[in-house]
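# Fold and geometry: a report
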Amino acid sequence: MTPETDTGISRRKVVVGGGFALAGMAAAVALLDPAQARAAASGGGPSAAGFRAAGPARSAQVVRAGQTLVYPDSWSVRPFPLTSVSLGQSVFTRALNQHLVLYRAYNVDKILAVFRRNAGLDTKGATPPGGWEEYGPNPDAQRWGPAEYTRGQNTAGAGGCLRGHYGGHFLSGISMAYAATGEIALLNKVNAIVTGLEECRAALAAQEVGGAPRYSHPGFLSAYGEWQFSALEEFAPYGEIWAPYYTLHKILAGLLDAHALAGNDQALALAEGIGHWVYSRLSKCTPAQLARMWGSYIAGEYGGMNEVLVELYWRSADPAKSEFLDAAKLFTLHTLVDACAAGTDTLNGKHANQHIPQFPGYIKLAAETGDDHFLDATKGFYDMVVPGRSYAHGGTGEGELWGPAGAVAGDIGPRNAESCAAYNMLKVASYLFFNEQDPKYMDYYERTVLNHILGGRRNQESTNGPENLYMFPVHPGARKEYGNGNIGTCCGGTGLESHVKYQEGIYFRSADQTELYVNLYIASTLTWEENGLELEQVSSYPEGDTSTLTVKAAPDRPLKVHLRIPEWSRGAEVEVNGASTGVAVEPGAYATVDRTWAVGDTITVRIPLSVRVEAAVDRADIQTLMYGPVVLTATSSSTSYLKVSLADRLDLDGDVSRGISKTAANVFTVGSLSFEPAYNGRDVAYHMYFQRNEPTVTFAGQSSGVANPKRSGKTLLDEVWEQAPFASRAAFLDAVGEVSAAYVAAGLLTARNRQRILLAAGRAPIDAGN
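This write-up is about the structure you can find in this document. Owing to the predicted nature of the structure, the values given are computational and were not obtained by experimental measurement.

Rules of the game
- Residues numbered from 1 in each chain as written.
- Predicted model: local features only at pLDDT ≥ 70, side-chain atom pairs only at ≥ 80, totals over all residues.
- Heavy atoms only, no water.
- Helix = DSSP H or I, 4+ residues; strand = E, 2+ residues; numbered from the N terminus.
- Expected span 1.5 Å × (residues − 1).
- Buried < 20%, exposed > 50% of the residue type's maximum accessible area, 1.4 Å probe, protein only.
- Pairing = 2+ DSSP bridges.
- Axes fitted to C-alpha atoms, helices over the stretch in contact; angles between N-to-C directions.
- Contact = heavy atoms within 4.5 Å.
- Phe/Tyr/Trp six-rings, centres within 6.5 Å; stacked < 30°, edge-to-face > 60°.
- Lys NZ or Arg CZ within 6 Å of the ring centre and 35° of its normal.

### A closer look at helix H18 (residues 419-435)
Relative to the 24 Å expected for 17 residues at 1.5 Å per residue, H18 spans 25 Å between its end C-alpha atoms, a close match to the ideal helical length. Most of H18 is tucked away: 16 of the 17 residues are buried.

### Considering unusual backbone geometry
Note that the residue after Val 386, namely Pro 387, is joined by a cis bond; omega there is 5 degrees. Structurally, the position occupied by Pro 387 is in the loop between helix H17 (372-385) and H18. In the segment running from Ala 724 into Pro 725, the intervening peptide bond is cis, with an omega of 5 degrees. Of note, Pro 725 is situated in the loop between helix H21 (716-721) and helix H22 (729-745). At Glu 400, a position not held by glycine, the phi torsion is positive, near 75 degrees.

### Quick notes on the sheet that holds strand E1 (residues 77-79)
By definition, the strands of a sheet pair up through backbone hydrogen bonds, in either a parallel or an antiparallel sense. Pairing is mixed in the open sheet, where 5 strands are placed in the order E1-E5-E6-E10-E13. Looking along the sheet, the strands with just one partner apiece sit at the ends: E1 and strand E13 (589-595). Put simply, the sheet's adjacent strands are angled 25 degrees from each other on average, direction ignored. The sheet contact formed by strand E10 (residues 559-565) and E13 spans 7 bridges and is antiparallel. Bridge pairing links Val 561 to Val 593 in E13.

### Points about the sheet that holds strand E7 (residues 524-528)
Read across the sheet, 7 strands follow the order E2-E7-E8-E9-E14-E11-E12 without closing on themselves; strand pairing throughout is antiparallel. Here the strands that pair on one side only, and so sit at the sheet edges, are strand E2 (85-87) and strand E12 (579-580). Examined bridge by bridge, strand E11 (residues 573-576) and strand E14 (residues 602-606) share 4 bridges and lie antiparallel to one another. Bridge pairing links Val 574 to Val 605 in E14.

### Focus on the environment of Ala 367
Along the polypeptide, Ala 367 turns up in helix H16 (residues 358-369). Counting along the chain gives 295 residues from Ala 367 to Pro 72, while the straight-line C-alpha distance between them is 6.2 Å. Those residues in contact with Ala 367 that lie beyond four places of it in its chain are Pro 72, Ser 74, Trp 75 and Trp 314.

### Digging into the packing of aromatic side chains
Across all of its chains, the model carries 43 aromatic pairs by this definition. Ring plane angle 5 degrees and centroid distance 3.9 Å describe the contact between Phe 359 and Phe 381, whose orientation is recorded as stacked. Placement of the pair is Phe 359 in helix H16 and Phe 381 in helix H17, with a sequence separation of 22 residues. Both residues of the pair, Phe 359 and Phe 381, count as buried. Ring centres of Tyr 521 and Tyr 541 lie 5.9 Å apart, and the angle between their planes is 75 degrees; this geometry places the pair in the edge-to-face category. You can see Tyr 521 sitting in the loop between strand E6 (515-518) and E7 and its partner Tyr 541 sitting in the loop between strand E8 (533-539) and strand E9 (546-553), a full 20 residues away along the chain. Judged by relative accessible area, Tyr 521 falls into the buried class, the value being 2%. Judged by relative accessible area, Tyr 541 falls into the buried class, the value being 5%. Each residue in the set Tyr 215, Phe 220, Tyr 224, Phe 229, Tyr 245, Trp 277, Trp 294, Tyr 302 and Phe 331 is aromatic and connected to the rest through ring pairs, giving one cluster. Taking NZ or CZ as reference, Arg 595 lies 5.1 Å from the ring centre of Trp 597, over its face.

What follows is the structure, encoded as structure tokens:
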């Protein structure tokens, strides 16, 4: 047990010192003055309509030429730059366009306000964004350097102690938006933020106390003093401090994105200064001290500091850059790494998003050091979360903490699935795929980016905030935690990034440029400069079942194209130029077409979409309705599980096809219930899970009149239908016969009642798809 888990803090009740509730509670989110609150409620700021159109932009080729992207040699597969993939019209387009409105409209002086005030500079009349990105109750005193602070000196609580994190996210997000669009106005904002941060760093470096530098290193950059870091080294708890290295990670990541995506060299220099400062502090800490720090609840949360420091090491030409790699290693929570590598599950009670972001860093450490212990730990960790701690939409955690292994239905509570956790699990999944091309990672990626991430963006324009939810809860009658758009919160921060990089996972490429992975069927155009390929994907997926990829420019050598066939699918087909390819097309695998391509060649992928049910891993009766990869939620404000009977609506494939209707935008009616896609961004009460309720054994409207018996948590009907799809009606009847006979043998069903069940099955007008 790490020190973190021995706190006595309830998983379902987490409170910050001074009564300030952290876990995304609405009151904590809405720390706005009345005028700001009114502006947020109405969309905020100037009219969004004026920012819908793109301004002057650079070509993708010019943008790409200014980028510096670095990948480790050990990654056999790599992502494409955001600039190489442009989105077409799809369900993702609305969130992207709404988010670009925010970036075009937002005044970057608001982002810089907390940094400028801390550095003693003019804030240019700007106020902070709000929420957790605030000045706090004691901002002037909190400029303390290490020598000025004594443990316990901060009695004002954690308010304001996370300031700067949101600005780091904003810098990352607007850098991504520039990379995706080439809009010059966005680039200008990136550069303005970096210039402002350098002015703040220089001002901090010039400060003195008692004739000595106030801060321990000229590279120090923060929106509060260095005292939080020195207090953490003395094991200050959350409430006295917040999570200083978490905030620093966001700032460092923003600077690295500004350098990588927008070509800003000053951003890299600032990042290098921070890296040297971090090493200067942590290299003096003992291993035991570091272990206690990183195991401490929230105060020791460091985000992905290990990841960004490895990244900094890769891209830096600094003669002393070895300090960055050494510092990255110091952010290793060895107890967790060793347990995950050994397959020992210690996650119960741990703060999910305190630990998830560490694992992309461990993957990069494995790539740089060759130490596969880190990689083994990440694989073990992933398997502990997916599927055993993952809800239908890909989210994880309750009250921000993990519950026991394999307890999904059992861990449904009032506040499930923090948005940040889903964001970071996508990184874990994709980084693992770069090492080992197991389709399960991209199956999870599709589910989570479509349902949790896209559904996390409210379908509303705003010039004031990200409109991103905090929690995406799954309990009966839940509402998405959009609040005031989560301005200034951690999930509002990740939301600043999520919706401008949907193209990130659609395509991957092999390191030797000879293989292409098509992971997501999203309308888009890929321009692969190194290979000479331009590929346009036309698709209405997941509202339609067919995607067509057309070669617009062809490489001059053979190219293997790997097409992901989702694990949940049945009957998928792949054609090239209208003819069958003859390649294996299997669920949960990639179908590979290897040939020399010509302009005009087409690949058509058809993945039949049907309505099916998925049961929670720990309770067969708690289920979700799915349409292909889409989570369907029933609109209802009831706070009890909806009782739903589906057995008499199933066809031979096990799909829900009888007495169900579909309208536009993937809205379904089943009996008296309306189901809509989780991704639509509507702010309504919903049920992601319902309770199967089949009191009698019924098939396609034919009732046997026999009570539905149960054993080992499953009913007779559950056991019949878990064998679907059935190749024929005879196979279905055989299954009914075998399962019912087993119930008779167990003393749970009489022979007479078995005959009644067999007669009902024999009369049932049941066929695939009817």
